[in-house]
Amino acid sequence: MGATRLVILFWALSAVDVALALAGARPSEVAVGALFTYDSSIGRAAQLAIELAVDDVNAEGTVLSGTKLNMVTQDSKCSGFLGTIEAFQLMEKNVVAVIGPQSSGIGHVISHVVNELHVPLLSFAATDPTLSASEYPYFLRTTISDYFQMNAVASIVDYYQWKRVTAIFVDDDYGRGGVLALGDALAAKRAKISYKAAIPPNSNLDVINDVLFRANMMESRVMVVHANPDTGMRIFSVANKLQMMTSGYVWIVTDWLAAVLGSSASRDIKDMSDIQGLIVLRQHTPESDAKNKFISKWNSLARSRNINSGLNSYGFYAYDTVWTVARAIDQFLNSGQQINFSTDPTLYDSNGSTMHLSTLKLFDGGEQMLRQLLLTNFTGVTGPVQYDSDRNLVRPAYDILNIGGSGSRFIGYWSNHSGLSVAAPEILYQKQPNTSTSAQQLYNVVWPGGSTTTPRGWVFPNNGQPLRVGVPIKSSFKELVSGKGPDNVRGYCIDIFNAAAKLLPYPVTYQFVTIGDGTRNPIYIDIIRRVAANSLDAAVGDFAIVRNGTQLAEYTQPYIESGLVIVAPVKKATRSAWAFLKPFTLEMWCVTGALFILVGIVVWLLEHRINEEFRGPPRRQITTIFWFSFSTMFYSHRQNIVSALGRFVLIIWLFVVLIITSSYTASLTSILTVQQLETGITGLNSLISSSLPIGYQAGKFTKRYLTQNLNIPMSRLVPLNTAQEYADALNRGPKHGGVAAIVDEKPYIDIFLSNYCNFRIVGQQFTREGWGFAFQRDSPLAEDMSTAILQLSESGQLERIHDEWFSRPSCASDDDSEVGETRLGLRSFSGLFLICALICLFALVVFFTRIYWQYKQYSNFEAAGEPSAPDADSAKRQQRLSSLGSFKELIQFVDKKEEEVRRKMKRRPSDKDNQAAGSSYATSVDSA
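Source: prediction; values computed, not measured. (Residues numbered from 1 in each chain as written. Predicted model: local features only at pLDDT ≥ 70, side-chain atom pairs only at ≥ 80, totals over all residues. Heavy atoms only, no water.)

Draft legend 1. Summary view of the overall build of the chain. Helix and strand content of the chain: 30 helices and 32 strands. Residue burial in the chain is summarised as follows: out of 928 residues, 49% are buried. Looking at the chain alone, contacts between residues at least 24 apart form 74% of all its contacts between residues at least 6 apart. Accessible surface computed for the chain: about 44,500 Å², of which carbon and sulfur atoms make up 54%. (Helix = DSSP H or I, 4+ residues; strand = E, 2+ residues; numbered from the N terminus. Buried < 20%, exposed > 50% of the residue type's maximum accessible area, 1.4 Å probe, protein only. Contact = heavy atoms within 4.5 Å. Areas by Shrake-Rupley, 256 points an atom, 1.4 Å probe, with all protein chains shown as cover.)

See the structure below:
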C-alpha cells in the first residue's frame with residue numbers, strides 16, 4: 001500500500017514538472033506581418049531595411065533567444081482596397097503584430113480590424129495626426145507624427161514673418177489630417193491658411209493645373225505642399241509651367257519630397273529644375289556608428305540585388321520598428337506569457353459567405369503585447385526609441401533643406417525642444433528649452449528664381465474680385481465721409497485712402513460698400529465685426545483705433561490724431577459800469593482792504609519812534625497810515641522806511657501786492673474780453689461730478705468709454721447724430737431737455753465749432769488715439785497701407801489733404817483759457833495772506849518785546865535818578881514809580897522818540913555821578 005502511494009506521488013510530481021515545462025517553453029518561431037507598397041520610394045527603402053532588421057534580430061543572441069522572428073510581408077500596391085484585403089490575409093496567419101502600412105488611409109481602415117483582433121499595428125510611415133491612440137488603441141506610430149512636422153512648418157512661416165499661406169494637398173486622410181494640424185499650428189503663431197488647394201487622389205495634369213491656377217489667383221505666395229510622391233512631382237511640373245517657380249514665391253514641402261530625393265540614386269535633371277529654391281523638411285536622425293553601419297549594409301544589399309533606388313529616412317524607422325517588435329515579443333515571452341489565438345464569436349460566415357471571416361483569430365495576449373511595446377526604450381539608428389504619454393516618439397526633430405542645383409543644402413534644424421536652430425537637436429536637448437523669437441536661427445536661403453532676398457509672401461489677389469471696402473455714411477460731418485452710392489463716395493478719409501493706395505507697390509482694385517442710410521449713424525464696431533467675419537475686406541472712414549476694435553481687426557498707422565474733448569455753451573460777458581469790481585469777490589475785497597490797513601498800522605508802529613515822516617499830530621499820522629498803505633499798491637509811497645523790521649514787512653507786503661495786482665489785471669482782462677461758460681462745466685472733473693446730461697455721437701465708441709472707463713450712468717447720456725442736433729441740445733440746456741456738454745472726438749468738434757460760434761472746448765483733451773483704416777487680422781495690406789501713410793506724411797501730402805477739407809474755425813479757439821472765467825475768491829490767496837499776517841505778527845512781537853525791555857530800563861533809570869530824601873518822602877517816591885509804570889505812562893513812552901529816550905538814559909548816569917561828587921564835597925567841608 002505504501003509503495004503504491006509512492007508511485008502515485010511520483011507520477012503526480014512528474015506531471016507537474018511536465019506542465020510547468022510546457023508552460024514556460026518559448027516558441028521556436030513567432031510570426032509578424034508587414035504591409036507596405038513594394039514599388040514605391042518608401043516601400044523600396046523599407047523592404048530592404050525590414051529584411052536586414054529581421055536578419056540582425058535572428059542573429060542577435062540577447063533578443064528572442066531561441067525563437068526565430070518570421071516576417072510575413074504583403075504588398076498593398078498603393079491601393080486602399082487591396083491594402084485592406086492584404087491586411088485580412090495577414091491576420092489569417094496568426095501574426096502577433098503588423099508593421100505598416102505606409103499609407104495613412106489604409107491605416108485608418110486596418111486600425112479598426114486590429115482593434116477587434118487585439119493585434120498591435122506599428123506604422124513607420126503613416127504620419128496622419130488623426131490616427132490617434134484615443135480612437136485606435138492598438139495603433140502605434142513608430143515615426144514622427146505630422147503634428148510635429150506642421151509645427152515645424154509654422155515655425156518657418158513665423159520666422160520669416162509671413163501671415164498667410166496656401167495649403168496644397170492631396171484630398172485624402174493623409175492630406176486632410178496634415179492640413180488640419182497645419183492650421184492649428186499656424187493659428188498659434190498668429191498666421192493662417194488663406195486658401196486650401198485640395199487635389200483629388202490620382203489626378204491628372206489638367207486637374208492639377210486647374211487647382212494651381214486658382215491658388216495662384218489668391219493673395220498668398222507662400223505655398224505649403226503636403227502630398228504623396230507621385231502627385232507631388234506633378235504639382236511642381238505644372239507650377240513651373242504656370243510661372244509659379246519664379247521670384248516672389250515661397251514653396252515649403254513636407255518630408256515626402258526628401259524621401260523621393262533620398263530614394264533617387266540617379267536624379268532626373270528635369271525634375272530637379274522644377275524644384276529649385278524649395279524648402280524641404282526631412283526627419284532628423286542623429287549621426288551614430290549604428291546608423292553608419294546600417295547604411296553600409298543597406299547599400300551593399302541594394303547593390304547585390306541591382307536596386308537603383310536609395311535609402312531614405314523611412315528606411316531607418318522601418319529598421320527600428322522591427323527591433324521594437326522583437327524587443328516587445330522578447331519581454332512578452334520573458335514574463336511567462338504564451339502566444340495563443342482564439343475564435344472571435346462576433347466573426348462568423350453566414351448565408352454561404354466565402355469571405356472566411358471565421359479564419360480571423362483573436363490574439364489573446366494582445367493587450368499585454370501592446371503594453372510591452374509602449375514600454376520600449378532603446379537607442380536605434382533613428383536615435384532614442386521611446387514613447388511619451390501620447391504615444392508619440394520622444395525628441396521629434398527635422399532637418400531643413402534648401403533645394404539648389406543638383407542637390408540640396410542644409411539650412412537648419414527644428415525640434416519641439418528649441419524650435420529653429422543651426423545646432424543639432426541632440427546638442428540642444430542637453431540644455432534648457434528656448435523657443436523665444438531671438439533664439440530662432442536659420443542659414444540663408446536661395447529662393448525660387450535665384451533670389452536671396454526674403455520674399456514678401458503676399459501680393460494683391462489676382463482673382464478678379466475687388467477689395468470690399470466698407471464706408472460709414474452719416475447725415476453729418478460730410479467733410480469726412482459722404483456719398484450716395486458706391487461710385488459717389490468722397491471726403492477727407494476717402495482722399496487719404498485713395499492717395500495711400502496709389503503708393504502701394506502693387507495694383508489694388510477696390511470697391512466701396514456704403515453702410516448706413518444717411519439719416520442715422522451706423523454702429524462703427526459692427527462694421528469692424530463685418531471685416532472680422534470676412535463680409536468686408538476693409539473699413540475706411542473715421543474709425544478710431546480703440547482696444548475692442550484692435551481685437552477684431554488690423555489697423556493701419558493713424559492718419560490723423562484724435563481724442564475725446566468736451567464742448568459746452570458759452571455766452572459773451574455783459575458790459576457793466578461796475579465791471580472793475582468783478583475780478584474779486586466781496587469777501588476778497590474786504591480782506592484785501594483790511595490787510596492794506598493792517599500793514600499800514602504795523603509799518604507806522606515800527607517807524608513811529610525813529611522816523612520823522614511817521615510823527616506829528618494825530619490827524620497827520622492817521623493820514624500817513626492810509627496814504628502809505630494804499631500807495632504801496634502802485635509802488636508810489638514817499639515815506640522812507642528806516643527800521644529793519646519795517647523794511648522786512650514792506651518787502652513781504654510788496655510781494656503780496658504784486659500777486660494781487662497781477663491777478664486782478666488778468667481777471668479783469670478775462671472778464672472784459674472772454675466768453676463765459678453757461679453750465680459751470682470747466683473740464684473732465686466737473687463733468688463727472690455733476691449730474692447734468694451729456695451728449696455723445698451715436699454709433700461711436702464714446703458711449704462705451706463714458707460708461708465703462710468714467711463710470712458715468714447711462715441715464716445721463718443722450719445720443720446725437722448731427723451737428724445741428726449738437727447745437728440744438730446745447731442751446732436748450734439741461735433745464736429744457738438739452739445737454740450741459742457734449743463729449744466727442746476732436747476732429748468732429750473742430751468741424752462743429754467752425755459753424756457754431758457760441759460753443760467752446762472746455763478743459764483738456766483727455767484721451768489719445770487716432771483714426772486708421774481697418775483690415776482683416778494679419779492682413780499684409782494693413783502693413784503696406786501704414787507704410788504708404790507714412791510716405792504721405794513725410795512728403796507733406798497728408799497735411800495738404802487735411803487743409804483742403806478742414807478750415808481753421810473762424811469763430812472758435814482751441815485755447816480753453818479763453819473760456820470759463822471765474823471770480824477770484826479768498827481761497828485762492830489764503831496762503832499768501834496768512835504768510836503776510838504771520839510776518840506782521842512776528843514783527844509786532846519783536847517790536848513790543850524791545851519796547852518793553854527799553855521801558856523797563858527807562859523806568860529803572862527814572863527811579864535811580866531821584867535825589868535821596870528823608871523817610872517822610874519815601875511814600876511820595878513809591879507813588880511816582882507806580883504812576884510811571886501805568887499803562888498811560890507806557891503809551892506815553894511808546895510815543896516818545898527813541899533818540900530822546902536813549903539821550904535821557906545816557907544823561908541819568910552822569911547826573912547821578914555829579915550828585916555823588918557834590919555830596920562827598922559837602923561832607924568833607926562839614927568835617928573840616
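Alright, that's what it looks like, and here's the rest.
Draft legend 2. Examining the UniProt feature "transmembrane region" (unreviewed entry) in the chain more closely. The positions UniProt marks with the feature "transmembrane region" (unreviewed entry) are residues 586-606, 641-660 and 832-853. Annotated as 100% helix and 0% strand, the span residues 586-606 places its first and last C-alpha atoms 30 Å apart. End C-alpha to end C-alpha, residues 832-853 measures 32 Å, and it is 100% helix and 0% strand. (UniProt positions renumbered as here; feature names shortened; annotations may be inferred.)

Draft legend 3. Looking closely at the packing of helix H12 (residues 313-334) against helix H13 (residues 366-374). The contact between H12 and H13 brings their axes to 9 Å, and the two run at 125 degrees. By the criterion of interaxial angle, the relationship of H12 to H13 is oblique. Helix-helix and strand crossings are classified by hand; for H12 and H13 the assignment is right-handed. Between H12 and H13, the residues in contact are Thr324, Val325, Ala328, Ile329, Gln331 and Phe332 and Gln368, Met369, Gln372 and Leu373, respectively. When its residues are assigned to classes, the contact of H12 with H13 shows six nonpolar, four polar and no charged. (Axes fitted to C-alpha atoms, helices over the stretch in contact; angles between N-to-C directions. Parallel < 35°, antiparallel > 145°, perpendicular 65-115°, else oblique. Left-handed = near helix turned anticlockwise from the far one by under 90°. Nonpolar A, V, L, I, M, F, W, Y, C, P; charged D, E, K, R; others polar.)

Draft legend 4. Region of the structure containing the environment of isoleucine 528. As for its placement among the helices and strands, isoleucine 528 is situated in helix H16 (residues 524-532). For isoleucine 528, a relative accessible area of 1% puts it in the buried group. Expressed as a C-alpha distance, the spacing of isoleucine 528 and glycine 470, which sit 58 residues apart in the sequence, is 9.0 Å. What isoleucine 528 contacts, discounting residues up to four positions off in sequence, is Ala539, Phe543, Gly549, Leu552, Ala553, Tyr555 and Ala774.

Draft legend 5. Quick look at the packing of helix H2 (residues 41-59) against helix H11 (residues 289-304). At their nearest, the axes of H2 and H11 sit 10 Å apart, and the two run at 115 degrees to each other. The angle between H2 and H11 places the two elements in the roughly perpendicular class. The handedness of the crossing between H2 and H11 is right-handed. Of H11, the residues touching H2 (which contributes Arg44, Ala45, Leu48, Ala49, Glu51, Leu52 and Asp56) are Phe294, Lys297, Trp298, Leu301 and Ala302.

Draft legend 6. Representation of a nonpolar patch on the surface within the structure. A surface patch of nonpolar side chains, amounting to about 410 Å² of accessible area, comprises Trp578, Phe580, Leu581 and Trp589. Residue class for tryptophan 589 comes out partly exposed when judged on its relative accessible area of 32%. (Patch = residues over 30% accessible without salt bridge, like charges linked within 9 Å, V, L, I, M, F, W, Y side chains within 5 Å. Salt bridge = Lys/Arg side-chain N within 4 Å of Asp/Glu carboxyl O.)

Draft legend 7. Structural view of helix H9 (residues 256-263). Extensive coverage of H9 is indicated by the burial of seven of its eight residues. Buried within H9 we find Trp256, Leu257, Ala258, Ala259, Val260, Leu261 and Ser263.

Draft legend 8. Just unusual backbone geometry, in detail. Here glycine 100 and proline 101 are connected by a cis peptide whose omega angle stands at -5 degrees. Structurally, the position occupied by proline 101 is in the loop between strand S3 (98-99) and helix H4 (104-117). The phi angle at asparagine 94 is positive, at roughly 55 degrees, despite the residue not being glycine. Tracing the backbone shows asparagine 94 in the loop between helix H3 (80-91) and S3. According to the relative accessible area criterion, asparagine 94 is partly exposed, its value standing at 31%. Here glutamine 243, not a glycine, exhibits a phi torsion of approximately 60 degrees, which is positive. One can find glutamine 243 in the loop between helix H8 (229-241) and strand S9 (250-253).

Draft legend 9. How the structure looks around the sheet that holds strand S23 (residues 554-555). Within the open sheet, the five strands sit side by side as S21-S18-S22-S32-S23. Their pairing is mixed. Every other strand in the sheet has two partners, leaving strand S21 (510-515) and S23 as the edge strands with one partner each. Relative to strand S32 (residues 774-775), S23 is paired through two bridges, and the arrangement is antiparallel. Note that in S32 the partner of glutamate 554 across the bridge is phenylalanine 775. Helix-sheet contacts for helix H15 (residues 492-502) involve strand S18 (467-472), S21 and S32, and the interaxial angle to S21 is about 160 degrees. (Pairing = 2+ DSSP bridges.)

Draft legend 10. Up close: the confidence of the model for the chain. Residue-level pLDDT values for the chain average 83, and 81% of them are 70 or greater. Every residue in residues 6-23 is under pLDDT 50, and counting partners more than four places away or in other chains gives one contact. Within the model, the stretch residues 920-925 combines pLDDT values under 50 with zero contacts to residues more than four positions away or in other chains. (pLDDT = per-residue confidence, 0-100.)

Draft legend 11. Up close: the pattern of salt bridges. The full count for this structure, using the stated rule, is 17 salt bridges. Aspartate 399 serves as the salt-bridge partner of arginine 282, at 3.1 Å between the closest nitrogen and oxygen. Of the two residues, arginine 282 sits in strand S10 (residues 279-283) while aspartate 399 sits in strand S15 (residues 397-404), which places them 117 residues apart along the sequence. Arginine 282 gets classed as partly exposed once you look at its relative accessible area, which sits at 33%. Note that glutamate 367 and arginine 371 form a salt bridge whose closest N and O atoms lie 3.7 Å from each other. Taken together, the residues span about one helical turn, with glutamate 367 and arginine 371 both in helix H13 at a distance of four residues. Glutamate 367 sits in the partly exposed class, given a relative accessible area of 48%. Overlapping salt bridges, with partners in common, bring together Asp171, Asp173 and Arg176 in one network.

Draft legend 12. Region of interest: the sheet that holds S3. The strand order across the open sheet built from five strands is S2-S1-S3-S4-S5, with neighbouring strands paired in parallel fashion. Each edge of the open sheet carries a strand with a single partner, namely strand S2 (68-75) and strand S5 (139-141). By the bridge criterion, three bridges tie strand S4 (residues 121-123) to S5 in an arrangement that is parallel. Paired with leucine 122 across the two strands is leucine 140, which belongs to S5. On the sheet, H2 packs against strand S1 (29-36) and S2 and is oriented at approximately 165 degrees with respect to S2. Sheet strands touched by H3: S1, S2 and S3. Its angle to S1, the strand with the most contacts, is close to 180 degrees.

Draft legend 13. Up close: the pairing of S18. Of all six residues in S18, five are buried, a share of seventy percent or more. Pairing of S18 with S21 involves six bridges; the strand directions are parallel. Following the sheet pairing, proline 472 is matched in S21 by isoleucine 515. Here two bridges tie S18 to strand S22 (residues 538-539), and the two strands are oriented parallel to one another. Bridge pairing in S22 places glycine 470 opposite alanine 539.

Draft legend 14. Spotlight on the environment of threonine 682. Along the polypeptide, threonine 682 turns up in the loop between strand S26 (676-677) and helix H21 (684-689). Here the alpha-carbon distance between threonine 682 and alanine 741, two residues 59 residues apart in the chain, equals 9.9 Å.

Draft legend 15. A look at the nonpolar core. Counting residues in hydrophobic clusters, the biggest one holds 108 residues, and the most contacted among them are Leu69, Phe124, Ile252 and Ile329. Contacts of isoleucine 329, omitting those with residues within four sequence positions, involve Val30, Val32, Leu64, Leu69, Val96 and Met369. Counting 88 residues, the second-largest nonpolar core is a separate cluster that includes Trp458, Tyr559, Leu720 and Phe752. (Core = buried A, V, L, I, M, F, W, Y, C linked by side-chain atoms within 4.5 Å.)

Draft legend 16. Local environment of the packing of aromatic side chains. On inspection of all chains with the given rule, the structure shows 33 aromatic pairs. Ring geometry for phenylalanine 294 against tyrosine 319: centres 4.5 Å apart, planes inclined by 40 degrees, an arrangement best described as tilted. On the criterion of sequence distance, the pair formed by phenylalanine 294 in helix H11 and tyrosine 319 in helix H12 is long-range, its members being 25 residues apart. As far as burial versus exposure is concerned, phenylalanine 294 and tyrosine 319 are alike and both buried. By the ring-pair criterion, three or more aromatic residues cluster together here, those being Phe477, Tyr726, Tyr748, Phe752, Tyr756, Phe759 and Trp771. Here arginine 327 stacks its cationic end above the ring of phenylalanine 378, 4.5 Å away from the centre of that ring. (Phe/Tyr/Trp six-rings, centres within 6.5 Å; stacked < 30°, edge-to-face > 60°. Lys NZ or Arg CZ within 6 Å of the ring centre and 35° of its normal.)

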